[in-house]
Amino acid sequence: MNSPDPSAGAETRGSSRAAVWRRRLPAITAAVGLLLLWHLIVVGFGIPTYIAPNPFQVLQVFIDKGALIWINFWPTMVEAMAGFALGNSIAVLLAIWFVHNQLAERAFYPIAVFINTIPIIAIAPILVLILGNGYAPKVVIAALICFFPTLVNMVRGLKAVNPQMLELMRVLSANDWEVLWKIRLQSSLPFLFAALKIASTTCVIGAIVGEWIGSNYGLGALIIEATYNFRSPLLYATVVTGAGLAVAAFTLTSFVERRVVKWSSSAVF
Amino acid sequence: MTAVQAEEGGRPASTTAISVRDLVVRFDSDSSSVTALDAVSFDVPEAGLVTMLGPTGCGKSTLLRAIADLVAISGGGISVFGRTPEQARRARDFAFVFQDAALLPWRSVIDNVRLPLEVGRSGGGVEQHAEPEALIALVGLSGREGALPHELSGGMRQRVSIARALVCRPRVLLMDEPFGALDEITRDKLNEELLRIWKETGTTIMFVTHSVPEAAFLGQKCLVLSAHPGRVRAYVDVGFPEPRELAIRDTLEFVQTTAHLRRQLETIA
Ligand SMILES: Nc1ncnc2c1ncn2[C@@H]1O[C@H](COP(=O)(O)OP(=O)(O)OP(=O)(O)O)[C@@H](O)[C@H]1O
Ligand SMILES: [Mg+2]
């Protein structure tokens, strides 16, 4: 973990910056092209603003109503992050329990699958009824939406240990705790991060869906309000903000993954 | 069994490190039962180096794993310094070197070598151990302590796993085709290193290989197994005089020995 050959790292970093931009160029070009197409269609066909605004009208909202979006952005972000932390922590702990206790796995895994089959949209009103109108139901919805992919991946990751490593640990008379701590957790990290990247975007969806139901703050509430009042430019700007939050969370998770999982490039997988 | 007990009562056990008597190992599944080893008996003297040859699937790995208490035995007995394999394993008598090095990919070279010092203290404890740094020097990897396994070549990785195996000063070193994936030059070099380490440490070594010259060069004795089920076909005294250098492989005596071993193997097929 401690020293990943500094000289080699520095050498690739310098030349790779240009390479990264070159790799991103197609995506940037495509995005700009699509925005342009959107603008041309809206303007060219004379589509009224309340049905679909053009990109510049959306941009104008960010300038005029920036403060409104900003104060509604914070609660959504807090709910999403809290849900992310809660849902993933429970999933990881449950996965550790399942891997060490077959009975627990057989008893509760099917229940977890069942809960996952209920559409989150259907659970949301129930949770609002139970938990009231504060942050709690939103956090729980965001947590629920994160929970299942992480549970499934983590159980798989904890079990996908190189069998020779387990034999090695047995020769060393290591106990279950040591096997978990020294082997299983690390070798599950690539699986865990695959799930966390999914969760980093879905937790935002969870928070927004939670805010659709009788909430008067947050990006979700703003979306509902803008829709009912035909304030389409505001609606679009809010949606873009929510997407931006999800993309930021995803990027951050990927960044942490690259920092933590340095070995998966070859070795095990 | 009788020989094992006689030894415990009478002469000090120091002459025999591993004693295998009428060993049977069966793998039972729902539909079938495979007898991997049948009526296998042999002794390994203390501080001896026994190599093992046999056609693929004849049970060489199974034999090593039975000695190290990694598979359950179905009949007969194994005694390691007068103890059962489980007692010996809990007392940390063994070290195992696998065909692929089985290093932990997230740990640096030095941390991989330290692993045995960090786990399994509850059983017998690690009172006396070698310095990891010194072992890394011994296997010729000084300066690469901080490297991650995927930054090393296959031969280097195998050296790290040998250093890891030696760090707790095992009484018995079990090696399952450790150099199978290496080129001939590297293999020769590691063979010489292994002999040097063996002489320095006085460890009892069992060494599985598919290479007849390697078996003849390294071993004091060579155990030849036949397949389906695995039985002892021959237990040949090889024992070329010390110090053994690679040049002995060009002597007539060496060629005759390898020819003899090869005949034993061919009559099996
Ligand atoms: N866990 C297991 N379950 C069922 N059968 C097994 C198991 N392990 C080994 N066997 C069987 O036991 C026999 C001996 O296997 P083993 O791996 O010991 O052979 P080997 O001599 O090491 O072969 P190789 O030279 O290819 O490594 C084989 O027929 C194999 O199919
Ligand atoms: Mg084998």
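Look a little higher up for the structure.
What you see is a predicted model, and the numbers here were worked out from it, not measured in a lab.

**Side note on a nonpolar patch on the surface**
Residues and elements named next belong to chain A.
No. 1: On the surface, Trp97, Phe108, Ile111, Phe114, Ile115 and Ile118 cluster together to form a nonpolar patch covering roughly 560 Å² of accessible area.
No. 2: Sorting elements by how many residues they give to the nonpolar patch places helix 4 (residues 102–117) first, with four residues.
No. 3: Structurally, the position occupied by Phe108 is in helix 4.

**What to know about the site of ligand 1**
Residue and element names in this part refer to chain B.
No. 1: The environment of ligand 1 is made up of Phe27, Ala36, Thr56, Gly57, Cys58, Gly59, Lys60, Ser61, Thr62, Glu177 and His210.
No. 2: At 2.4 Å, a side-chain N or O of Thr56 approaches an oxygen atom of ligand 1.
No. 3: One of the backbone nitrogen or oxygen atoms of Gly57 is found 2.8 Å away from an oxygen atom of ligand 1.
No. 4: Considered on its own, ligand 1 offers 630 Å² of accessible surface; in the complex 61% of this is hidden by protein.
No. 5: Considered class by class, the residues forming the shell around ligand 1 number three nonpolar, six polar and two charged.

**Quick notes on a positive patch on the surface**
Residue and element names in this part refer to chain A.
No. 1: A surface patch of positive charge is lined by Arg23, Arg24, Arg258, Arg259 and Lys262.
No. 2: Within the residue set of the positive patch, elements represented by two or more residues are helix 1 (6–44) and helix 10 (232–260).
No. 3: Here Arg23 lies in helix 1.
No. 4: Taking relative accessible area as the criterion, Arg23 reaches 62% and is therefore assigned exposed.

**Quick notes on the packing of helix 3 (residues 66–100) of chain A against helix 4 of chain A**
Residues and elements named next belong to chain A.
No. 1: Relative orientation of the contacting elements helix 3 and helix 4 amounts to 125°, with a least axis distance of 5 Å. When the axes of helix 3 and helix 4 are compared, the pair comes out oblique. Across the interface between the two elements, Trp97, Phe98 and His100 from helix 3 touch Gln102, Ala104, Glu105, Phe108 and Tyr109 from helix 4.
No. 2: Here the residues of the contact of helix 3 with helix 4 sort into five nonpolar, two polar and one charged.

**Re the interface of chain A and chain B**
No. 1: Contact with chain A, which involves 27 residues of that partner, is made by 31 residues of chain B.
No. 2: Counting every contact that joins chain A to chain B gives three salt bridges.
No. 3: The residue Arg170(A) makes a salt bridge to Asp69(B) at a minimum N-O spacing of 3.3 Å.
No. 4: On inspection of chain A and its partner chain B, the count reaches eight residue pairs in polar contact (both at pLDDT 80 or more).
No. 5: The set of elements that each furnish at least two residues to the side of chain A that touches chain B consists of helix 7 (163–171) and helix 8 (176–212) of chain A.
No. 6: Per element, the largest residue contribution to the side of chain A that touches chain B is seven residues, and it comes from helix 7 of chain A.
No. 7: In terms of residue class, the side of chain A that touches chain B is made up of 12 nonpolar, nine polar and six charged.

**A closer look at the pattern of salt bridges**
Pairs can form between side chains of opposite charge whenever their charged atoms are close.
Residue and element names in this part refer to chain B.
No. 1: Applying the stated rule across the entire model yields 19 salt bridges over all chains.
No. 2: Across the salt bridge formed by Asp93 and Arg83, the nearest N and O atoms sit 2.7 Å from each other. On the criterion of sequence distance, the pair formed by Asp93 in the loop between helix 3 (85–90) and strand 5 (94–97) and Arg83 in the loop between strand 4 (75–80) and helix 3 is long-range, its members being 10 residues apart.
No. 3: Residue Asp93 is classed as buried on the basis of its relative accessible area, which comes to 3%.

**Points about the nonpolar core**
No. 1: Counting residues in each nonpolar core, the largest one holds 69 residues, and the members touching the most others are Leu23(B), Leu63(B), Ile67(B), Phe94(B), Leu174(B) and Met206(B).
No. 2: Here this core takes eight residues from helix 8 of chain A, the largest share from any one element.
No. 3: Once residues within four sequence positions are removed from consideration, Ile67(B) is found in contact with Ile18(B), Ile78(B), Val80(B), Pro85(B), Phe94(B), Leu174(B) and Met206(B).
No. 4: The next biggest cluster of nonpolar side chains, apart from the first, holds 51 residues, and it includes Ala95(B), Leu103(B), Leu173(B) and Ile197(B).

**So, empty space enclosed by the protein**
No. 1: Per the counting criterion, the structure on display carries two cavities of 30 Å³ or more.
No. 2: Every residue lining the largest cavity is counted, 13 residues in all, and those nearest its centre are Leu172(A), Phe94(B), Ala95(B), Arg164(B) and Ala165(B).
No. 3: Breaking the lining of the largest cavity down by element, the ones donating at least two residues are helix 7 of chain A together with strand 5 and helix 6 (154–166) of chain B.
No. 4: Looking at side-chain class alone, the lining of the largest cavity contains 10 nonpolar, one polar and two charged residues.
No. 5: Estimates place the volume of the second largest cavity at around 40 Å³.
No. 6: Lining the second largest cavity, in full, are Val139(B), Ile162(B), Phe179(B), Leu190(B), Glu193(B), Leu194(B) and Ile197(B).

**As for the side chain of Glu177(B)**
All names here are of chain B.
No. 1: Mapped onto the fold, Glu177 is located in the loop between strand 6 (172–176) and helix 7 (184–201).
No. 2: Buried within the structure, Glu177 lacks any salt-bridge partner; its nearest side chain of opposite charge belongs to Lys60, at an N-O separation of 5.0 Å.
No. 3: When residues no more than four places from it in sequence are discounted, the contact partners of Glu177 are Gln99, Val208, Thr209 and His210.

What counts and what doesn't
- Residues numbered from 1 in each chain as written.
- Chains lettered and ligands numbered in written order.
- Predicted model: local features only at pLDDT ≥ 70, side-chain atom pairs only at ≥ 80, totals over all residues.
- Heavy atoms only, no water.
- Patch = residues over 30% accessible without salt bridge, like charges linked within 9 Å, V, L, I, M, F, W, Y side chains within 5 Å.
- Areas by Shrake-Rupley, 256 points an atom, 1.4 Å probe, with all protein chains shown as cover.
- Salt bridge = Lys/Arg side-chain N within 4 Å of Asp/Glu carboxyl O.
- Helix = DSSP H or I, 4+ residues; strand = E, 2+ residues; numbered from the N terminus.
- Near = heavy atom within 4 Å.
- Polar contact = N/O pair within 3.5 Å; in protein donor to acceptor, adjacent residues only side chain to side chain.
- Nonpolar A, V, L, I, M, F, W, Y, C, P; charged D, E, K, R; others polar.
- Lys, Arg positive; Asp, Glu negative; His and termini not counted.
- Charge placed at Lys NZ, Arg CZ, Asp CG, Glu CD.
- Buried < 20%, exposed > 50% of the residue type's maximum accessible area, 1.4 Å probe, protein only.
- Axes fitted to C-alpha atoms, helices over the stretch in contact; angles between N-to-C directions.
- Parallel < 35°, antiparallel > 145°, perpendicular 65-115°, else oblique.
- Contact = heavy atoms within 4.5 Å.
- Core = buried A, V, L, I, M, F, W, Y, C linked by side-chain atoms within 4.5 Å.
- 1 Å grid on protein atoms, 1.4 Å probe; cavity = no way out; pocket = protein on both sides within 12 Å on 5 of 7 lines; lining within 4 Å.
- Points joined across faces, edges and corners; volume = space filled by probe spheres on them.

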